[in-house]
Each structure stands twice: as structure tokens, then as C-alpha cells.
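# Analysis of the macromolecular model
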Amino acid sequence: MQHDCVIDKKIGKDRTLDKTHALDQFLSQVERRAFKIAKLAVGNHDEALDIVQDSMFALVQKYANRPSEEWTPLFYRILQSRIRDWYRRNKVRTTWMSWLGFRKDNEDDELENALEALPDPQGRDPSQVAANEHSMEDLEMAIKNLPLRQQQAFLLRTWEGLSVADTAIAMKCSQGSVKTHYSRAVHTLRETLEEHWT
Amino acid sequence: MSEKDFLNKLKKQLDEQSEQLDATTLSKLNRSRQAALAQASPQTSRMKQNWLPASGLAAAVLLTSVFLFRSEEIVTNSNQSMDDIEIIAASDNLDLYEQLDFYLWLLEENNSAG
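Residue numbers run consecutively from 1 along every chain, following the written order of its sequence. Lettering for chains starts from A, numbering for ligands starts from 1, and both go in the order in which the items are written. At least 70 in pLDDT is required for a residue's local features to be given in this predicted model, at least 80 for side-chain atom pairs to be given and counted, and no such filter applies to totals for whole chains, interfaces and linings, which use all residues. To get the side-chain values, take all heavy atoms of the structure and skip hydrogens and water.

## Focus: the packing of helix 6 (residues 148–159) of chain A against helix 7 (residues 164–171) of chain A
Residues and elements named next belong to chain A.
- Interaxial angles span 0 to 180 degrees and are taken between N-to-C directions of axes, which are lines fitted to C-alpha atoms, for helices over the stretch in contact. Secondary structure follows DSSP: runs of H or I at least 4 residues long count as helices, runs of E at least 2 residues long count as strands, and numbering of each begins at the N terminus. Their axes nearest at 10 Å, the elements helix 6 and helix 7 cross at an angle of 135°. By the angle between their directions, the pair helix 6 and helix 7 is classed as oblique. Read as a crossing pair, helix 6 and helix 7 show a hand that is right-handed. For the pair helix 6 and helix 7, contact is made by R149, Q152, A153, L156 and R157 and by V164, T167, A170 and M171, respectively. Relative orientations are named as follows: roughly parallel for angles under 35 degrees, roughly antiparallel for angles over 145 degrees, roughly perpendicular for angles from 65 to 115 degrees, and oblique for any other angle. Left-handed is the label given to a crossing in which the near helix is rotated counterclockwise from the far helix by less than a right angle, and right-handed is the label when the rotation is clockwise. In this description, contact between two residues means that some pair of their heavy atoms is separated by no more than 4.5 Å.

Put into C-alpha cells, the structure is as follows:
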């Protein structure tokens, strides 16, 4: 009886370890893309990190025991929810700031210029770096300029490789809406970027 | 460029961008992941499992201790009260013993007078 209890405990512990390992693998696979998706949506490095951290916590807390195949749409659903929350909070904050007459200084621009002046840490050819960065900047700008829903549908489908059904779960909308958002996003991006890339 | 090629190119660029994340960002992501996973670790699960019975036991011990301490205090208080009553009551007797010579003299005076 006591022996059975010890075995049960060991099996339980092994399962928890397996689950933790699987979660670790899953999160390490998605964290970079999740961070970029959040950063493209909110446009702020630290806020994006906070959003990803919150999403990781929520997934582990609420859905760790769900089958691992469900983790991807669930994780992105949480991420989308956190991004929407950020937009709501930011909208209220912006309204208050503009109403109170505060305006952000050019500190961010100055920091950006200072960072651009630093040499490339990987020692790449400056012209190649410039061309590459220019191309990436174009891409980032084009994606940032998309309406949020189109942006997210595009990133989840194209980059994360989610199916239409899983994207609909992540975005809390119908599959038809996903298709519409995605199609519009691709159309806009082709119009904006294709001429730079051909 | 076909749509498929276009999308592949986009995906490749996005992958490159995410591969080029700086060390500080990667470290922060790693720390966030480890902190999140700590919730699912066996130790934390065991702590959660043990927390409820342990806290219940602690509360029960605390209540019992308080009850025992208080009841002892009540008993002690009531004993003290009884002792006090006896002392108060005994104080009359003490007066009697202290004045015993006077009462004996008074008795002798009465007897001799009578």
C-alpha cells in the first residue's frame, strides 16, 4: 500500500517534470516571435517584454495541463488579449496626457540616433548592413502601419504558421474574419513592399 | 514575384530579425520563461499541495494554544480570586488574633466586676 503510494508520487513527479520540460521547449520556440509580434503591435521594447512575460505566466498557470497541441493557439490568444489590453490602457493614458497638455520630448529620437552611430558589433560591411537594415525597416514599418487585426492575422498565419482555425481561436474571431484580415494585409504589404524588393 | 515567393521572403526576413535579437532581450526572455515555469515545477506543485493542509494544521494548533492558554489563565484568575477572598476573609481573624490580649483582659474585667 505504502509502496504503491510512493510509486504514484514518483509517477506524478515524473509527469510534472515532463510537462515542465515540454513547456520549456514550447516557450523557448515561440518567445522570440512572440516578442517581435508584441513589439510590432505596441512599438515599445519593454512593454513588449512585459506582454510576453505575462502571456507565459498565464499559459503556465491556466493551461499547462492542456494537451501540448493546444498550447500554440492558446498562447497566442493570451498574447493577443494582452496586446488589446495594452491598447485600451494606452488609449486612456494618451487621452489623459493630451488633455493635460503633456508631450513626449525627443529623447527617444536622440537615443536612436546615438545607437545608430555605434559600430556594428558583428563587423559586417556597412553598406550591406545599411541595405539589410533598410529592407528590414521597410518591412517593420509596413507591418506596423497595418491595422492591428490585419497585422496580427498576417503574423500568426505567415510567420507563426497557424492554421485559419487556430488563428481564429487566437484572435477570438471567426475564420471568415481571419481570411479577410489576412487577405487585406497581404494585399497592402505587396503594394507597399514589392516595388522595393524587385 | 508570386504571392508564395513574396510571403516566403517576408517570413525569411522576420526570422532573421528574430534571430538578431540582442543578448539583453534574449536574457530577459529567458528569465521570464524560467520564472513562468517555476510555477509548474514539482517543488512548487508540492508546496501548493502541502500548503493547504499545513496552513490548516497551523491554524488548528494556534487556536488550540490560544484556547489552552486562555483557559489556564481563566483558571489561574479564578484561583487567585478565591485566594483573595480567603485573605480578605482572614483579615478579620488576624485582627482578632492581634487584639486577643485586649479581649482577654476585657473578659477578665467583666468577670471580676460581675
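Let us keep going from here.
## Things to note about a nonpolar patch on the surface
- Like charges within 9 Å and nonpolar side chains (Val, Leu, Ile, Met, Phe, Trp, Tyr) within 5 Å are joined into patches, using only residues over 30% in relative accessible area that form no salt bridge. For accessible areas, the Shrake-Rupley method is used with a probe of radius 1.4 Å. Any residue's cover is judged against the shown protein chains and nothing else. What makes a salt bridge here is a side-chain nitrogen of Lys or Arg within 4 Å of a carboxyl oxygen of Asp or Glu, nothing more. The grouping of F102(B), Y103(B), W105(B) and L106(B) at the surface amounts to a nonpolar patch, some 410 Å² of accessible area in total.
- Tracing the backbone through its elements, the reader meets W105(B) in helix 4 (residues 100–113).

## Details of the interface of chain B and chain A
- Across the contact, 34 residues belong to chain B and 41 residues belong to chain A.
- Carbon and sulfur atoms make up 66% of the surface buried where chain B meets chain A, a total of about 3,500 Å² over both sides.
- Counting across the chain B and chain A interface gives four salt bridges.
- In this structure, R190(A) and E3(B) form a salt bridge, with 3.9 Å as the shortest nitrogen-oxygen distance.
- Counted as a polar contact is a pair of N or O atoms within 3.5 Å, where, for protein atoms, one must be capable of donating a hydrogen and the other of accepting one, and residues adjacent in sequence contribute only when both atoms are in side chains. Across the contact surface, chain B and chain A share nine residue pairs in polar contact (both at pLDDT 80 or more).
- Those elements that place two or more of their residues in the side of chain B that touches chain A are helix 1 (3–19), helix 2 (23–38) and helix 3 (42–98) of chain B.
- Tallying contributions element by element places helix 1 of chain B first for the side of chain B that touches chain A, with 13 residues.
- Residues are sorted three ways: Asp, Glu, Lys and Arg are charged, Ala, Val, Leu, Ile, Met, Phe, Trp, Tyr, Cys and Pro are nonpolar, and all the rest, Gly among them, are polar. For the side of chain B that touches chain A, the per-class residue count stands at 13 nonpolar, twelve polar and nine charged. The buried area of a pairing is the accessible area, by a 1.4 Å probe, that goes missing from both parts when the two are put together, added over both.

## Re the packing of aromatic side chains
Residue and element names in this part refer to chain A.
- For this analysis, a ring pair means two rings from Phe, Tyr or Trp (six-membered ring only for Trp) whose centres lie within 6.5 Å, classed as stacked if their planes differ by under 30 degrees, edge-to-face if by over 60, and tilted for the remaining angles. Counted under the stated rule, the structure contains five aromatic pairs over all chains.
- Residues F75 and Y76 carry aromatic rings whose centres are separated by 5.4 Å and whose planes lie at 80° to one another, so their mutual orientation is edge-to-face.
- What makes F75 buried here is its relative accessible area of 0%.
- Only protein chains enter the calculation, and the probe is 1.4 Å; a residue is then buried if its accessible area is under 20% of its type maximum, exposed if over 50%, and partly exposed in between. Given a relative accessible area of 0%, Y76 falls into the buried group.
- On the basis of an interplanar angle of 20° and a centroid distance of 6.5 Å, the ring pair of F154 and Y182 is categorised as stacked.

## Here we look at the packing of helix 6 of chain A against helix 1 of chain B
- The contact between helix 6 of chain A and helix 1 of chain B brings their axes to 10 Å, and the two run at 90°. On the basis of the axis angle, helix 6 of chain A is roughly perpendicular to helix 1 of chain B. Two secondary-structure elements touch here, helix 6 of chain A through F154(A), L155(A), T158(A) and W159(A) and helix 1 of chain B through L7(B), L10(B), K11(B), L14(B), D15(B) and S18(B).
- Residue classes in the contact of helix 6 of chain A with helix 1 of chain B are distributed as six nonpolar, two polar and two charged.

## Remarks on the environment of R66(A)
Residues and elements named next belong to chain A.
- Secondary-structure assignment places R66 in the loop between helix 2 (45–63) and helix 3 (71–100).
- Residue R66 is classed as partly exposed on the basis of its relative accessible area, which comes to 38%.
- A distance of 2.9 Å separates polar atoms of two side chains, one belonging to R66 and the other to E70.

## Section: the nonpolar core
- As used in this record, nonpolar core signifies buried Ala, Val, Leu, Ile, Met, Phe, Trp, Tyr and Cys residues forming a set joined through side-chain atoms within 4.5 Å. In terms of nonpolar packing, the biggest core is built from 58 residues, with L59(A), F75(A), Y76(A), F154(A) and L189(A) touching the most fellow members.
- For this core, the element with the most residues is helix 1 (residues 2–42) of chain A, which contributes eleven residues.

## Side note on the pattern of salt bridges
- Within the structure shown, the criterion is met by ten salt bridges over all chains.
- Between R66(A) and E70(A) there is a salt bridge whose closest N-O contact spans 2.9 Å.
- Connected through shared salt-bridge partners, D24(A), E31(A) and R33(B) make up one network.

## Describing the confidence of the model for chain A
- Overall, the predicted model of chain A reaches an average pLDDT of 81, with 72% of residues at or above 70.
- Across chain A, helix 2 of chain A holds the top mean pLDDT of 95, while helix 4 (residues 107–116) of chain A sits lowest at 50. For every residue, the predictor assigns a confidence score, pLDDT, that lies between 0 and 100.

## Details of helix 1 of chain B
Residues and elements named next belong to chain B.
- A helix is expected to span 1.5 Å for every residue after the first. With 17 residues, helix 1 ought to run about 24 Å at 1.5 Å a step, and its terminal C-alpha atoms sit 24 Å apart, in line with that.
- Of the positions making up helix 1, those classed as buried are F6, L7, L10, Q13, L14, Q17 and S18. The arc that holds every buried residue of helix 1, seen down its axis, measures 135°, which confines them to one face. Among the exposed residues of helix 1, those pointing more than 90 degrees away from its buried face are K4, K12 and E19. Summarising the geometry, the arc corresponds to the directions from the helix axis toward the C-beta atoms.

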